[in-house]
Amino acid sequence: DTAVSQTPKYLVTQMGNDKSIKCEQNLGHDTMYWYKQDSKKFLKIMFSYNNKELIINETVPNRFSPKSPDKAHLNLHINSLELGDSAVYFCASSQLQGAPGSPLHFGNGTRLTVT
Amino acid sequence: AQSVTQLDSQVPVFEEAPVELRCNYSSSVSVYLFWYVQYPNQGLQLLLKYLSGSTLVKGINGFEAEFNKSQTSFHLRKPSVHISDTAEYFCAVGANQAGTALIFGKGTTLSVSS
């Protein structure tokens, strides 16, 4: 059983399109995250949800909109895609947001390529 | 706010040699420290973590790290590396503070050759 699963694994699309990435975790965790990994492999937090409530919203363009229908799912919708959005997007989950030492469990990533 | 600096972007070593990947952090509050490994085209896996207590932390695959509060460092070590250890390694810091997420360093590429 995959603990944190993302779909799709690869996403190739043209500028201006709208796309979504889905994430599900079966670990019973309360908190989920989206991280962006750029071409230099730098990982940056984008959003975090705790039990369906948005708790972290970094300086991300408002073309990016996360949605959490329940605590096991966190989706990422991106409007009007731009070339600079090309990256690998990782979903992660942890037991309790802010709880001491809760490690993140990562999905395998979605490689988004905008042409 | 917290920050993490991984001092080496690339570390080439020969198989069976020892290796140290260096990580320094800064924070105004108490922190928790992690090392993650990323193999090609995969997500990140937790290698080890420091929460409190013994400053020497042992992780998976024979890795260990030492927390040094005075030097604000959390260096990762392995006494003898294998070809299969070739991967990207990330140091991360988490604060004991609500509303925060793990902050990652820029990564160190460990390349093990025969």
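Computed from a predicted structure; not experimentally measured. (Residues numbered from 1 in each chain as written. Chains lettered and ligands numbered in written order. Predicted model: local features only at pLDDT ≥ 70, side-chain atom pairs only at ≥ 80, totals over all residues. Heavy atoms only, no water.)

**Q** Give me the lowdown on the overall build of chain A, citing residues and values where you can.
**A** For chain A, the count of helices and strands is 0 helices and 11 strands. Going residue by residue from the N terminus, the α and β elements of chain A occur as β-β-β-β-β-β-β-β-β-β-β. The C-alpha extent of chain A, read off along each of the three principal axes, is 40 × 30 × 30 Å. By the burial criterion, 44% of the 115 residues in chain A qualify as buried. Of all intrachain contacts in chain A linking residues separated by at least 6 positions in sequence, the fraction that spans at least 24 positions is 55%. With the model as given, the accessible surface of chain A reaches about 5,600 Å², and the carbon-plus-sulfur share is 48%. Side-chain charges in chain A split into 12 positive and 10 negative, and the spacing between the mean points of these groups amounts to 6 Å. (Helix = DSSP H or I, 4+ residues; strand = E, 2+ residues; numbered from the N terminus. Buried < 20%, exposed > 50% of the residue type's maximum accessible area, 1.4 Å probe, protein only. Contact = heavy atoms within 4.5 Å. Areas by Shrake-Rupley, 256 points an atom, 1.4 Å probe, with all protein chains shown as cover. Lys, Arg positive; Asp, Glu negative; His and termini not counted. Charge placed at Lys NZ, Arg CZ, Asp CG, Glu CD.)

**Q** Account for the sheet that holds strand 3 (residues 19-25) of chain A, naming residues and giving values.
**A** Residues and elements named next belong to chain A. Strand order in this open sheet of 4 strands is 1-3-8-7, and the pairing throughout is antiparallel. The sheet is open, and its two borders are formed by strand 1 (4-7) and strand 7 (64-70), each paired with just one other strand. Put simply, the sheet's adjacent strands are angled 20° from each other on average, direction ignored. The pairing of strand 1 with strand 3 spans 4 bridges and is antiparallel. (Pairing = 2+ DSSP bridges. Axes fitted to C-alpha atoms, helices over the stretch in contact; angles between N-to-C directions.)

**Q** How would you summarise the pairing of strand 10 (residues 87-95) of chain B if you had to cite specific residues and measurements?
**A** Residues and elements named next belong to chain B. In terms of burial, strand 10 is a largely internal element, 9 of the 9 residues being buried. Of the two faces of strand 10, both are covered, the one formed by Ala87, Tyr89, Cys91, Val93 and Ala95 as well as the one formed by Glu88, Phe90, Ala92 and Gly94. Looking at chain direction, strand 5 (residues 31-38) and strand 10 are connected through 8 bridges and run antiparallel. Counterpart to Leu33 in the pairing with strand 10 is Val93.

**Q** So, the interface of chain B and chain A: which residues are in play, and what are the values?
**A** At the junction of the two partners, chain B supplies 23 residues and chain A supplies 22 residues. Across the chain B-chain A interface, the total number found is 1 salt bridge. For Lys41 of chain A, the salt bridge is made with Glu88 of chain B, and the minimal N-O distance between the two is 4.0 Å. Connecting chain B to chain A are 4 residue pairs in polar contact (both at pLDDT 80 or more). Of all elements in the fold, only strand 5, strand 6 (44-50) and strand 10 of chain B reach the threshold of two or more residues within the side of chain B that touches chain A. Taken together, the residues of the side of chain B that touches chain A break down into 11 nonpolar, 9 polar and 3 charged. (Salt bridge = Lys/Arg side-chain N within 4 Å of Asp/Glu carboxyl O. Polar contact = N/O pair within 3.5 Å; in protein donor to acceptor, adjacent residues only side chain to side chain. Nonpolar A, V, L, I, M, F, W, Y, C, P; charged D, E, K, R; others polar.)

**Q** If you had to explain the layout of surface pockets to someone new, which residues and values would you point to?
**A** Roughly 380 Å³ of internal volume is contained in the largest pocket. Gln37, Val88 and Arg111 of chain A together with Gln38 and Asn41 of chain B are, among the 25 residues lining the largest pocket, the residues nearest its centre. When contributions to the lining of the largest pocket are tallied by element, the ones reaching two or more residues are strand 9 (87-94) and strand 11 (110-114) of chain A together with strand 10 and strand 12 (108-113) of chain B. When its residues are assigned to classes, the lining of the largest pocket shows 9 nonpolar, 11 polar and 5 charged. (1 Å grid on protein atoms, 1.4 Å probe; cavity = no way out; pocket = protein on both sides within 12 Å on 5 of 7 lines; lining within 4 Å. Points joined across faces, edges and corners; volume = space filled by probe spheres on them.)

**Q** Please set out the state of the cysteines residue by residue, giving values where relevant.
**A** Residues and elements named next belong to chain B. This model, assessed by the stated rule, comprises 2 disulfides over all chains. Here Cys23 is linked by a disulfide to Cys91, with a sulfur-sulfur distance of 2.0 Å. Taking the sign of the S-S torsion, -65° for the link of Cys23 and Cys91, the bridge is left-handed. Placement of Cys23 in strand 4 (residues 23-26) and of Cys91 in strand 10 is noted, with a sequence separation of 68 residues between them. Taken as a pair, Cys23 and Cys91 share a single burial class, namely buried. (Disulfide = S-S within 2.5 Å.)

**Q** An account of the pattern of salt bridges is requested, with residue identities and associated values reported.
**A** The final tally for this structure, using the stated rule, is 9 salt bridges over all chains. Between Arg63 of chain A and Glu82 of chain A there is a salt bridge whose closest N-O contact spans 3.5 Å. In this pair, Arg63 of chain A sits in the loop between strand 6 (53-57) and strand 7 while Glu82 of chain A sits in the loop between strand 8 (73-78) and strand 9, placing the two residues 19 residues apart along the sequence. Assessed through its relative accessible area of 14%, Arg63 of chain A is described here as buried. Residue classification places Glu82 of chain A among the partly exposed positions, given a relative accessible area of 41%. Across the pair Lys58 of chain B and Glu64 of chain B runs a salt bridge whose closest N-O atoms are separated by 2.8 Å. Residue Lys58 of chain B is classed as exposed on the basis of its relative accessible area of 62%.

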